[in-house]
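Each chain, written out:
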Amino acid sequence: MSQPPVATHAAYDVELLRKDFPILERRVHDNQPLVYLDSANTSQKPRQVLDVLTEFYEQHNSNIHRATHALGEEATEAYESARMKVASFIGAPSADEIIFTKNSSEALNLIANVLAWGERGLKPGDEVVITEMEHHSNIVPWQLLCERTGATLRWFGVTDDGRLDLSDIDTLINEHTKVVSFVHVSNVLGTLNPVALIAARAHAVGAIVVLDASQSVPQLPVDVQELGIDVVAFTGHKMCGPTGIGMLWGRRELLEALPPFLGGGEMIETVTMERSTYAGLPHKYEAGTPPIAEAVALGAAVDYLTGIGMDAVAAHEREITAYALSALTEVPELRVLGPTEPVDRGGAISFTLGSVHPHDVAQILDGHGIAVRAGHHCGRPIHRRFGVAASTRASFYLYTTTSEIDALVAGLDKAKRFFG
Amino acid sequence: MSQPPVATHAAYDVELLRKDFPILERRVHDNQPLVYLDSANTSQKPRQVLDVLTEFYEQHNSNIHRATHALGEEATEAYESARMKVASFIGAPSADEIIFTKNSSEALNLIANVLAWGERGLKPGDEVVITEMEHHSNIVPWQLLCERTGATLRWFGVTDDGRLDLSDIDTLINEHTKVVSFVHVSNVLGTLNPVALIAARAHAVGAIVVLDASQSVPQLPVDVQELGIDVVAFTGHKMCGPTGIGMLWGRRELLEALPPFLGGGEMIETVTMERSTYAGLPHKYEAGTPPIAEAVALGAAVDYLTGIGMDAVAAHEREITAYALSALTEVPELRVLGPTEPVDRGGAISFTLGSVHPHDVAQILDGHGIAVRAGHHCGRPIHRRFGVAASTRASFYLYTTTSEIDALVAGLDKAKRFFG
Amino acid sequence: MQLESMYQEIILDHYRTPHHKGLREPFDVEVHHVNPTCGDEITLRVKLDGSTVSDVSYDSLGCSISQASASVLTDLVIGRDIDAGLTAHREFVALMQSRGEAVPDEEILEDAVAFAGVSKYPARVKCALLSWMAWKDATAQAQEHSTMSEGDNDDRDS
Amino acid sequence: MQLESMYQEIILDHYRTPHHKGLREPFDVEVHHVNPTCGDEITLRVKLDGSTVSDVSYDSLGCSISQASASVLTDLVIGRDIDAGLTAHREFVALMQSRGEAVPDEEILEDAVAFAGVSKYPARVKCALLSWMAWKDATAQAQEHSTMSEGDNDDRDS
Ligand SMILES: Cc1ncc(COP(=O)(O)O)c(C=O)c1O
Ligand SMILES: Cc1ncc(COP(=O)(O)O)c(C=O)c1O
């Protein structure tokens, strides 16, 4: 299969990058240019990724692993090489430790599910620690696990400026703690959490550390070995890849020791009607036909991001976030939920605007072509923590420009006047 | 969003249909034309589906349900209208009863998993009935369920001519039986099973009837209400759709009564740190960002199949299978596993060829551009039942021609001579 | 600008000065409904008097559309026959699901006709329906209670 | 035709008349390995004598490639030093993973060099490696047993 053309940019040229994204040419509502500020929800896809996706289906489509024919070998090769790309993208020691799931949520459910039984299964008295700033997908799986096993769910609170309240870390994470699962970069507050510090405490008591990196892997260079964690979950559609694919990375010894999740084709070693034995990693956790074309396209997304350079992507994210924070904090009656300084912070800014409801803010912005998200962004507890039911969120990515931020600020002004 | 152009064919014109499938132009190994006889493994994709997929990403890509902006509304509309198409394609009474999963295997695991707890959860003494001709994806989930709950797994045997042995149906399905799960059309034997008869007995004892329709929905008109079943699982990639998407249909009362499967964003009603309540159908079973673009493309696949007409697709499948059966049974030393008459039979033919190992058969065929599958096709028990470890399988779809069958027969002759 | 098709003056008026807002006694049934996507919530009480809706009171958290819709709802049902309220409910739901296609019946819907434009925005339809769904639920429960001759309040979370 | 790059005459010869086939006594360890994709299986026994591989016997179900590979393996290791066998193992694995790129060392691999063409077919690499993986597993177990001075057979399913 031909290599996807990779964009390489000496200096970061956002206008040039934007040309890679066909959708950024869209006009909405009365021919207004699209201002897409909802990338924390899902990112847009560059032509380089879409081309690989189409080429796969038009030239190489086949099921994998099972086929002894040319297409089968090409498809298997493309799928497995995507796994290798992902592994090296996040610094995983081995591609076998990368499990393709359908999204981040499934990856988090996978790890929570396999901790429900077997030797390492949780029991009454055991504790799971999460935080108040988690996405619902890193709350509900652990609630279900605790319900099913009788374990207890505990959580870190959040300070008024949107940081984890770590003052009680030594009592919260204690000898009963079996799992500590938390978000790397919050999709609501933007907060970047101190992974090493929490992981160290968790490991000191023998707990497994799970990191929800759904927002961080798209934005920052992430090295799972450097972070010192055990399991990481992230998702293709937020990192220029297709929908329908997510990833779990886990340390080999851990994944090998845990029981299977879904059963079926490809995850077995041998099947009799009475009992089955299971395949080694990564197949053990990939039952049925995987998202083959999605993995191949995701590999192209990884190539695309690598071509730009994750350092450059992160630098752009920092700059645009700093620009947005300073512009937004000037807007009268605007209150940012989360850190207002661009330090240890990702590119999602949630805010309230006086008494104008976020739905109404977003609707007015949409009327001017500006796409933001309104609601609780799958983080109801953290909104409650800040005394609101919902907020408006603007979020950025490698193609976001400062003039789009200016348009947002102007739009907010219109919203306030409309409802004022 | 523009409507996908739907192929409509007065008389069934396989050559015309083939033009819809770009990959059928492929040449493999020394420029030989591709003869793709591995459609039971995965089907090829028509241009009409790929165009919709690309158009979605280039024009409408957004996350769904959560966004108050133009793209979000377009994407939500496209996703939900795919659900409606699928519902009407299989005669489901309501689109809310269609759950998008990542593949058939996940759909089967979903139902097996949610029967592990809650009010309808299985207990020791309860029984689950499957058959010896199941795909591993309809065996292992039930083994896991039985392991976890202490229930007992039982199964129908298979006769020498590849039919279910129903002689002991009344003892096998008895008052302890809670679930009966079986394949509609076998991917190994091709057998079409008598759904109504088995469902009637299962319902007489109050058991839930689960049908693995992974092979039948692509090939036959399927009406879930007529079949009188409770749950059905099938998969996008075998029906001209993309990888990364499968479907579960279940009766509303049943799905409403069962507990959630995966937890996370979109499947909740309200979340607090202490506990959560869950959304109604279908969202309750769709945690996280679903395979959005995949669903949209799958909707186009349903349009494509509907445009041809499932009766026409089924008629073609019957004809080509009859042609292949009569050609193959002429081949010396070739032994078909499963029904040798084209009656109550789908279009997958597994066979052995003297003492030549299926891998070697497939490799020689591949050398001549012919793609078949060799192995146990995720059906190790049924192969053991017929005293072999593996077989070669040729399988057909709406684009298969009789001259491709002729090429297969000629290729088999070469394989025999090579290893003779 | 097409935003005006959603934000009709009538809607903005009801939003700025909502009618019948606040929880009142006495009541037969209180319900609490939630919009899972955005977290908007309403607590709504219904008092029936035979076949008449004698009071509907509510406390809610939500956008202009959901606030105005609750206000319009109470205008339409308080002091009216339950059946008339249910007819309005049916009309309103049909209007909201019409994707901008339906011509609303002003006889039945009065101020609620202003929501026709909202029906073009599927994401906002849920906002408009929140209070209506709550009212229907509460009314059905209240009717059930009264036929069972029970007077206890049911705080159902649905 | 490129099929011949896989099906070298040497391979077909070993396939038609496999060497050392059949399970024999005495043995230190017996293992059973499976290729999950196709269901091919091998039962393989190893007898060590100090640092020498005194016998390897096997019974297998599989394609020409896996049969021939087992035959070639036994030729290479029986009567040789364990270390020489492990060197051949390393070379063979490297060859099979080379995707047709490696130039095999005939000194070490002898007839096994014929498998160079198989390495271009990833789906068949597992077939070629099945017996080799089983042998390495069995040998490691036998060495462990002998250092622990235990003589019991371990029927490990791995
Ligand atoms: C009968 C049958 N059931 C289940 C499956 C599993 O489908 P998937 O691999 O899409 O999960 C298949 C296909 O592989 C099949 O043929
Ligand atoms: C922090 C965080 N965790 C988890 C998720 C869930 O990802 P997905 O919807 O792809 O499963 C998201 C995105 O929605 C997220 O932002």
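Residues numbered from 1 in each chain as written. Chains lettered and ligands numbered in written order. Predicted model: local features only at pLDDT ≥ 70, side-chain atom pairs only at ≥ 80, totals over all residues. Heavy atoms only, no water.

(A) The interface of chain B and chain A, seen in detail. Every contact between the two is made by 94 residues of chain B and, on the other side, 94 residues of chain A. Counting the surface lost from both chain B and chain A, the interface buries some 7500 Å², and carbon and sulfur atoms represent 56% of this. Ranking the residues of chain B by area buried against chain A places Tyr57, Thr68 and Met273 of chain B at the top, with a combined share of 11%. Where chain B meets chain A, there are four salt bridges. The salt bridge involving Arg26 of chain B is made with Glu74 of chain A; its shortest N-O contact spans 2.8 Å. Linking chain B with chain A are 46 residue pairs in polar contact (both at pLDDT 80 or more). Looking at the side of chain B that touches chain A element by element, the count peaks at seven residues for helix H2 (residues 47–60) of chain B. When grouped by side-chain class, the residues that make up the side of chain B that touches chain A number 40 nonpolar, 36 polar and 18 charged. (Contact = heavy atoms within 4.5 Å. Buried area = accessible area lost by both parts, 1.4 Å probe. Salt bridge = Lys/Arg side-chain N within 4 Å of Asp/Glu carboxyl O. Polar contact = N/O pair within 3.5 Å; in protein donor to acceptor, adjacent residues only side chain to side chain. Helix = DSSP H or I, 4+ residues; strand = E, 2+ residues; numbered from the N terminus. Nonpolar A, V, L, I, M, F, W, Y, C, P; charged D, E, K, R; others polar.)

(B) Summary view of the packing of aromatic side chains. Residue and element names in this part refer to chain A. Across all of its chains, the model carries 22 aromatic pairs over all chains by this definition. Ring geometry for Tyr79 versus Phe100: centroids 5.3 Å apart, planes at 55°, classification tilted. Note that Tyr79 is positioned in helix H3 (residues 70–89) and Phe100 in strand E4 (residues 98–101), a separation of 21 residues in sequence. Classification of Phe100 by relative accessible area gives buried; the value is 2%. An aromatic cluster is defined as three or more aromatic residues linked by ring pairs; in this entry it consists of Phe21, Tyr304, Tyr397 and Tyr399. The residue whose ring lies beneath Arg385 is Phe386, and the NZ or CZ to ring-centre distance is 4.9 Å. (Phe/Tyr/Trp six-rings, centres within 6.5 Å; stacked < 30°, edge-to-face > 60°. Buried < 20%, exposed > 50% of the residue type's maximum accessible area, 1.4 Å probe, protein only. Lys NZ or Arg CZ within 6 Å of the ring centre and 35° of its normal.)

(C) Region of interest: the sheet that holds strand E6 (residues 152–156) of chain A. Residue and element names in this part refer to chain A. Taken together, seven strands build an open sheet; the order of strands is E4-E10-E9-E8-E7-E5-E6 and the sheet is mixed. Only two strands of the sheet have a single partner each, and these edge strands are E4 and E6. Strand after strand, the sheet turns through a mean of 20° between neighbouring axes, direction not considered. The sheet strands contacting helix H4 (residues 104–114) are E4, strand E8 (208–212), strand E9 (231–235) and strand E10 (246–250), and the helix crosses E9 at an angle near 155°. (Pairing = 2+ DSSP bridges. Axes fitted to C-alpha atoms, helices over the stretch in contact; angles between N-to-C directions.)

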